[in-house]
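Observations on chain architecture
Okay, here's what each chain looks like letter by letter:
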Amino acid sequence: MAATPAPPVPTAPPKPTWDPRKQEPPFPWLRPTIRIRLTLLYGGMFLIAGILLLSIIYLLAAQALRTGNEPLFKIIDFQELKVTSSECPGINTSNLSLSEFNAAISACTDHQRQVALDHLLSRSLLALLGLAVIAFAFGYAMAGRVLSPLGRITRTARAVAGSDLSRRIELDGPDDELKELADTFDDMLERLQRAFTAQQRFVGNASHELRTPLAINRTLLEVHLSDPNAPAELQQLGKTLLATNERSEQLVEGLLLLARSDNQIVERKPVDLAEVASQAIDQVRGEAEEKHVVLRGKREPAVVQGNGVLLERIALNLVQNAVRYNVPEGGWVEVTTEVEHGQAVMVVSNTGPVVPAYEIDNLFEPFRRLRTERTGSDKGVGLGLSIVRSVARAHGGHITATPREGGGLTMRVTLPL
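Computed from a predicted model, the values in this text were never measured in an experiment.

**Details of the pattern of salt bridges**
- Within this structure, the stated rule accounts for seven salt bridges.
- A salt bridge links Glu-287 to Arg-324; its shortest N-O distance comes to 2.9 Å. Of the two residues, Glu-287 is situated in helix α5 (residues 273-290) and Arg-324 in helix α6 (residues 308-324); the sequence distance between them amounts to 37 residues.
- For Glu-287, a relative accessible area of 23% puts it in the partly exposed group.
- A salt bridge links Glu-334 to Arg-296, with the shortest nitrogen-to-oxygen separation between them at 3.7 Å.

Take a look at the structure:
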């Protein structure tokens, strides 16, 4: 019998812990980035230095102008002296005494000194303001130039986290701290790529090596069970072994799917959640009829970009769990799909046993069921909800579970359009 061919190795990198498609804020210049902070630092330091320099110049100029308060000259006598000045109206009075005239001249000189200092201060402040604007602009440009390697590192990190581990920064320039950081980041990416390539190879080999003997066992058991002359005890043993083998196949398929679905989906195609949910309902309809569970719900079109096989696994696992973990009589499962707030939503609700709120998180762990761990059960291998969560995350979505009043759960899967 021909061995089962190994599946193609997936090409998607590990799913990042943050969303590389996260949109920029509406006003990115309001963010307190390092460039803005460095600009404020450079400009603030220049402004402080300019204010200190202006204060020193002003004090020195004031001291120089006030050196020697005595006037440079004094009129000791005058006959028929007439003086006029638009700046010193006090000396325009005709009948001034000699002392009054000298006092007016001294007051006018002091006033002109103060006017000169005021002009010096106002013009210096205007010059300082203009230079401060230039300093802030120059600081912003220089900060951008100095931090440009960090921008390159960030863009490479986004590209790596989004789709491609083969990207490298390869930063040129002086051997400074930024180049050291870029080289360290490149070395880390190299190790990550080797580790992920080894993981891909292991998943592919494990898929082939685990599926092949299970497929051979299933074929041999089916051949022996098809023999009409086989004893009843052998028939019963064969059916038991066949069920055990089928359970092992489900476990292997679930583990491999869980490993693959933790990766980011690269090849995306339009998939209608309504169609996916309808196919899942058709597959479990027979089991639902055996358990007397009614399938209902309205499914509106909700097209997302993703992998159809993995999205079908989400719907199938949720509907199967809803049917299997239900009440013995009068149970129902409701499956709805719709577009809500710009996102595709699939909701699976069912009647069933009462689920405590503190048990919800445990349901999404591998090999965990309600109040059980790794226990034998004919309801599955305990990977259904783990796979659902991993596939939803790989598509950029999430799943939430809410206990229903009276028993059962409401599973809500939200995916971006």
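**Considering the side chain of Gln-235**
- In this structure, Gln-235 sits in helix α4 (residues 232-261).
- Relative accessible area serves as the criterion here: at 19%, Gln-235 is assigned to the buried category.

**Topic: a nonpolar patch on the surface**
- A contiguous nonpolar surface patch, about 300 Å² in accessible area, is contributed by Leu-41, Tyr-42 and Met-45.
- Its location among the elements puts Met-45 in helix α1 (residues 34-65).

**Some points on the sheet that holds strand β2 (residues 293-296)**
- Pairing within the open sheet is mixed, and its five strands lie in the order β2-β4-β5-β9-β8. Only two strands of the sheet have a single neighbouring strand rather than two, namely β2 and β8 (398-403). Averaged over neighbouring strand pairs, the angle between their axes works out to 15° when direction is ignored.
- Relative to strand β9 (residues 409-416), β8 is paired through six bridges, and the arrangement is antiparallel. Bridge pairing in β9 places Thr-402 opposite Thr-410.

**As for α6**
- For α6, built from 17 residues, the straight-helix expectation of 24 Å at 1.5 Å per residue is met to within 8% by its first-to-last C-alpha distance of 24 Å.
- Burial within α6 is extensive, with 12 of its 17 residues counted as buried.
- Among the residues of α6, those classed as buried are Leu-310, Leu-311, Ile-314, Ala-315, Leu-316, Asn-317, Leu-318, Val-319, Gln-320, Ala-322, Val-323 and Arg-324.

**Section: the nonpolar core**
- Within the largest apolar cluster, 41 residues are counted, with the highest numbers of intra-cluster contacts made by Ile-314, Leu-318, Val-333 and Met-411.
- Each residue touching Ile-314, except ones within four places of it in the same chain, is listed here: Met-346, Val-388, Val-391, Ala-392 and Val-413.
- Ranked by size, the runner-up nonpolar core spans six residues in total, among them Leu-171, Ala-182, Phe-185 and Leu-189.

**So, α1**
- The end-to-end C-alpha distance of α1, which contains 32 residues, comes to 46 Å, matching closely the 46 Å that a straight helix rising 1.5 Å per residue would cover.
- Considered for burial, the residues of α1 that qualify are Thr-39, Gly-43, Gly-50, Leu-54, Ala-61 and Ala-62.

**A look at the packing of α5 against α6**
- Interhelical geometry of α5 versus α6 gives an angle of 30° and a closest axis separation of 8 Å. Relative to α6, α5 is oriented so that their crossing is right-handed. Taking contact as the criterion, the partners of Val-276, Ala-277, Gln-279, Ala-280, Gln-283, Val-284, Glu-287 and Ala-288 in α5 are, on α6, Leu-311, Glu-312, Ala-315, Leu-316, Val-319, Gln-320, Val-323 and Arg-324.
- Looking at the contact of α5 with α6, its residues break down into 10 nonpolar, three polar and three charged.

**Notes on unusual backbone geometry**
- Phi is positive for His-292, which is not a glycine, with a value near 60°.
- The topology assignment puts His-292 in the loop between α5 and β2.
- Phi is positive for His-341, close to 55°, though the residue is something other than glycine.
- With respect to the element layout, His-341 can be found in the loop between β4 (331-340) and β5 (343-350).
- In this structure His-341 comes out as exposed when scored by relative accessible area, which is 76%.

**A word on the packing of α6 against helix α8 (residues 384-394)**
- In the contact formed by α6 and α8, the axes pass within 9 Å of each other and the chain directions differ by 145°. For the element pair α6 and α8, the recorded crossing hand is left-handed. On the side of α6, the interface is formed by Leu-310, Leu-311, Arg-313, Ile-314, Asn-317, Leu-318 and Asn-321, while α8 contributes Gly-384, Leu-385, Ile-387, Val-388, Val-391 and Ala-392.
- Each residue belonging to the contact of α6 with α8 can be placed in one class, and the counts come to nine nonpolar, three polar and one charged.

**Quick notes on the environment of Ser-278**
- Inspection of the secondary structure puts Ser-278 in helix α5.
- Placed 34 residues apart in sequence, Ser-278 and Glu-312 show a C-alpha to C-alpha distance of 9.6 Å.

**Brief notes about the packing of aromatic side chains**
- All chains considered together, the criterion is met by zero aromatic pairs.
- In this structure, Arg-296 is placed above the aromatic ring of Trp-332, and the distance from its NZ or CZ to the ring centre is 4.0 Å.

**Let's talk about the side chain of His-395**
- Among the structural elements, His-395 can be located in the loop between α8 and β8.
- Among the residues examined, His-395 registers a relative accessible area of 3% and is labelled buried.

Cut-offs used in this document
- Residues numbered from 1 in each chain as written.
- Predicted model: local features only at pLDDT ≥ 70, side-chain atom pairs only at ≥ 80, totals over all residues.
- Heavy atoms only, no water.
- Salt bridge = Lys/Arg side-chain N within 4 Å of Asp/Glu carboxyl O.
- Helix = DSSP H or I, 4+ residues; strand = E, 2+ residues; numbered from the N terminus.
- Buried < 20%, exposed > 50% of the residue type's maximum accessible area, 1.4 Å probe, protein only.
- Patch = residues over 30% accessible without salt bridge, like charges linked within 9 Å, V, L, I, M, F, W, Y side chains within 5 Å.
- Areas by Shrake-Rupley, 256 points an atom, 1.4 Å probe, with all protein chains shown as cover.
- Pairing = 2+ DSSP bridges.
- Axes fitted to C-alpha atoms, helices over the stretch in contact; angles between N-to-C directions.
- Expected span 1.5 Å × (residues − 1).
- Core = buried A, V, L, I, M, F, W, Y, C linked by side-chain atoms within 4.5 Å.
- Contact = heavy atoms within 4.5 Å.
- Left-handed = near helix turned anticlockwise from the far one by under 90°.
- Nonpolar A, V, L, I, M, F, W, Y, C, P; charged D, E, K, R; others polar.
- Phe/Tyr/Trp six-rings, centres within 6.5 Å; stacked < 30°, edge-to-face > 60°.
- Lys NZ or Arg CZ within 6 Å of the ring centre and 35° of its normal.

None of this, on its own, says anything about what the molecule does.
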